[in-house]
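Working through the structure, step by step
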Amino acid sequence: MDILWLYHLYYVVDNLELNPSWHAMSSFAAAIILLYMDKRIGIFALLLAMSIGFSRLYLFVQVPIDILAGMIIGLIIGIISIKVWEYFKDKFLKKNKIS
(Lines give C-alpha, C1' and ligand atoms only; values in the text may rest on other atoms or scores of the structure.)
Protein backbone atom coordinates (compact mmCIF):
# COMPACT_ATOMS: atom_id res chain seq x y z
CA MET A 1 0.00 0.00 0.00
CA ASP A 2 1.38 3.35 -1.04
CA ILE A 3 1.24 5.85 1.82
CA LEU A 4 3.11 8.58 -0.01
CA TRP A 5 -0.19 10.43 -0.57
CA LEU A 6 -0.60 10.64 3.21
CA TYR A 7 2.75 12.39 3.53
CA HIS A 8 1.76 14.87 0.81
CA LEU A 9 -1.56 15.52 2.52
CA TYR A 10 0.24 16.15 5.82
CA TYR A 11 2.66 18.50 4.10
CA VAL A 12 -0.12 20.51 2.46
CA VAL A 13 -2.18 20.80 5.66
CA ASP A 14 0.88 21.58 7.76
CA ASN A 15 2.01 24.37 5.43
CA LEU A 16 -1.43 25.85 4.86
CA GLU A 17 -1.31 29.42 6.01
CA LEU A 18 -4.90 30.33 6.68
CA ASN A 19 -5.42 33.85 7.99
CA PRO A 20 -9.16 34.39 8.25
CA SER A 21 -10.21 37.91 7.42
CA TRP A 22 -11.13 39.79 10.59
CA HIS A 23 -12.99 42.32 8.44
CA ALA A 24 -15.17 39.63 6.90
CA MET A 25 -15.57 37.85 10.23
CA SER A 26 -16.81 40.86 12.17
CA SER A 27 -18.99 42.24 9.38
CA PHE A 28 -20.74 38.90 8.78
CA ALA A 29 -21.25 38.32 12.52
CA ALA A 30 -22.83 41.76 12.85
CA ALA A 31 -24.90 41.25 9.69
CA ILE A 32 -26.36 37.98 10.96
CA ILE A 33 -27.30 39.56 14.28
CA LEU A 34 -28.90 42.52 12.47
CA LEU A 35 -30.74 40.13 10.16
CA TYR A 36 -32.15 38.40 13.24
CA MET A 37 -33.28 41.69 14.74
CA ASP A 38 -34.65 43.39 11.62
CA LYS A 39 -34.85 41.73 8.20
CA ARG A 40 -34.66 44.93 6.15
CA ILE A 41 -31.59 46.28 7.93
CA GLY A 42 -30.07 42.78 8.00
CA ILE A 43 -30.27 42.38 4.23
CA PHE A 44 -28.52 45.73 3.81
CA ALA A 45 -25.90 44.66 6.36
CA LEU A 46 -25.32 41.37 4.49
CA LEU A 47 -24.80 43.29 1.24
CA LEU A 48 -22.39 45.59 3.04
CA ALA A 49 -20.52 42.60 4.52
CA MET A 50 -20.23 41.03 1.07
CA SER A 51 -18.88 44.28 -0.35
CA ILE A 52 -16.33 44.44 2.47
CA GLY A 53 -15.19 40.92 1.59
CA PHE A 54 -15.04 41.79 -2.10
CA SER A 55 -13.01 44.93 -1.39
CA ARG A 56 -10.42 42.83 0.45
CA LEU A 57 -10.12 40.66 -2.67
CA TYR A 58 -10.15 43.59 -5.08
CA LEU A 59 -7.30 45.31 -3.27
CA PHE A 60 -5.31 42.03 -3.16
CA VAL A 61 -5.05 42.25 0.61
CA GLN A 62 -6.24 38.68 1.14
CA VAL A 63 -6.90 35.54 -0.87
CA PRO A 64 -10.40 34.10 -1.40
CA ILE A 65 -9.95 31.27 1.12
CA ASP A 66 -9.17 33.83 3.83
CA ILE A 67 -12.37 35.72 3.03
CA LEU A 68 -14.38 32.48 2.95
CA ALA A 69 -12.94 31.38 6.28
CA GLY A 70 -13.74 34.77 7.80
CA MET A 71 -17.29 34.56 6.47
CA ILE A 72 -17.86 31.10 7.91
CA ILE A 73 -16.38 31.97 11.30
CA GLY A 74 -18.40 35.21 11.37
CA LEU A 75 -21.60 33.35 10.56
CA ILE A 76 -20.90 30.84 13.32
CA ILE A 77 -20.16 33.64 15.82
CA GLY A 78 -23.36 35.44 14.82
CA ILE A 79 -25.51 32.32 15.17
CA ILE A 80 -23.95 31.44 18.54
CA SER A 81 -24.54 35.02 19.74
CA ILE A 82 -28.20 34.80 18.73
CA LYS A 83 -28.63 31.45 20.49
CA VAL A 84 -26.99 32.76 23.67
CA TRP A 85 -29.23 35.85 23.55
CA GLU A 86 -32.35 33.69 23.13
CA TYR A 87 -31.32 31.46 26.02
CA PHE A 88 -30.70 34.32 28.45
CA LYS A 89 -33.69 36.30 27.22
CA ASP A 90 -36.01 33.36 27.87
CA LYS A 91 -34.38 32.52 31.17
CA PHE A 92 -34.13 35.94 32.80
CA LEU A 93 -36.55 38.30 31.11
CA LYS A 94 -39.62 36.09 31.43
CA LYS A 95 -39.02 35.69 35.17
CA ASN A 96 -39.05 39.43 35.71
CA LYS A 97 -42.05 40.09 33.47
CA ILE A 98 -44.69 42.05 35.30
CA SER A 99 -48.23 40.96 34.52
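An account of the accompanying structure is given in this report.

About the criteria used
- Residues numbered from 1 in each chain as written.
- Predicted model: local features only at pLDDT ≥ 70, side-chain atom pairs only at ≥ 80, totals over all residues.
- Heavy atoms only, no water.
- Salt bridge = Lys/Arg side-chain N within 4 Å of Asp/Glu carboxyl O.
- Helix = DSSP H or I, 4+ residues; strand = E, 2+ residues; numbered from the N terminus.
- Buried < 20%, exposed > 50% of the residue type's maximum accessible area, 1.4 Å probe, protein only.
- Core = buried A, V, L, I, M, F, W, Y, C linked by side-chain atoms within 4.5 Å.
- Contact = heavy atoms within 4.5 Å.
- Expected span 1.5 Å × (residues − 1).
- Phe/Tyr/Trp six-rings, centres within 6.5 Å; stacked < 30°, edge-to-face > 60°.

Under the criterion given, the structure shown has 1 salt bridge. Salt-bridge contacts for Glu86 lead to Lys83; the nearest nitrogen and oxygen are separated by 4.0 Å. Remark: Lys83 and Glu86 occur in helix α4 (residues 64-93); sequence separation between them is 3 residues, near one turn of the helix. Accessibility expressed as a relative area gives 24% for Glu86, which makes it partly exposed.

Membership of the largest hydrophobic core is limited to 9 residues, which are Ala24, Phe28, Ala31, Ile32, Ala45, Leu46, Ala49, Ile67 and Ile82. Where this core is concerned, the elements lending two or more residues are α2 (22-37), α3 (39-58) and α4. Contact partners of Ala45, with chain neighbours within four places excluded, come to Ala31 and Leu34.

As a further point, take α2. Across its 16 residues, α2 extends 23 Å between first and last C-alpha, which sits within 8% of the 22 Å expected from 1.5 Å per residue. Those residues of α2 not exposed but buried are Ala24, Met25, Ser27, Phe28, Ala29, Ala31 and Ile32. Next to the buried residues of α2 lie α3 and α4.

Evaluated as defined, the whole model comprises 2 aromatic pairs. Ring centres of Tyr87 and Phe88 lie 5.1 Å apart, and the angle between their planes is 75°; this geometry places the pair in the edge-to-face category. Using a relative accessible area of 47% as the deciding quantity, one classes Tyr87 as partly exposed. Overall, the relative accessible area of 40% leaves Phe88 in the partly exposed class.

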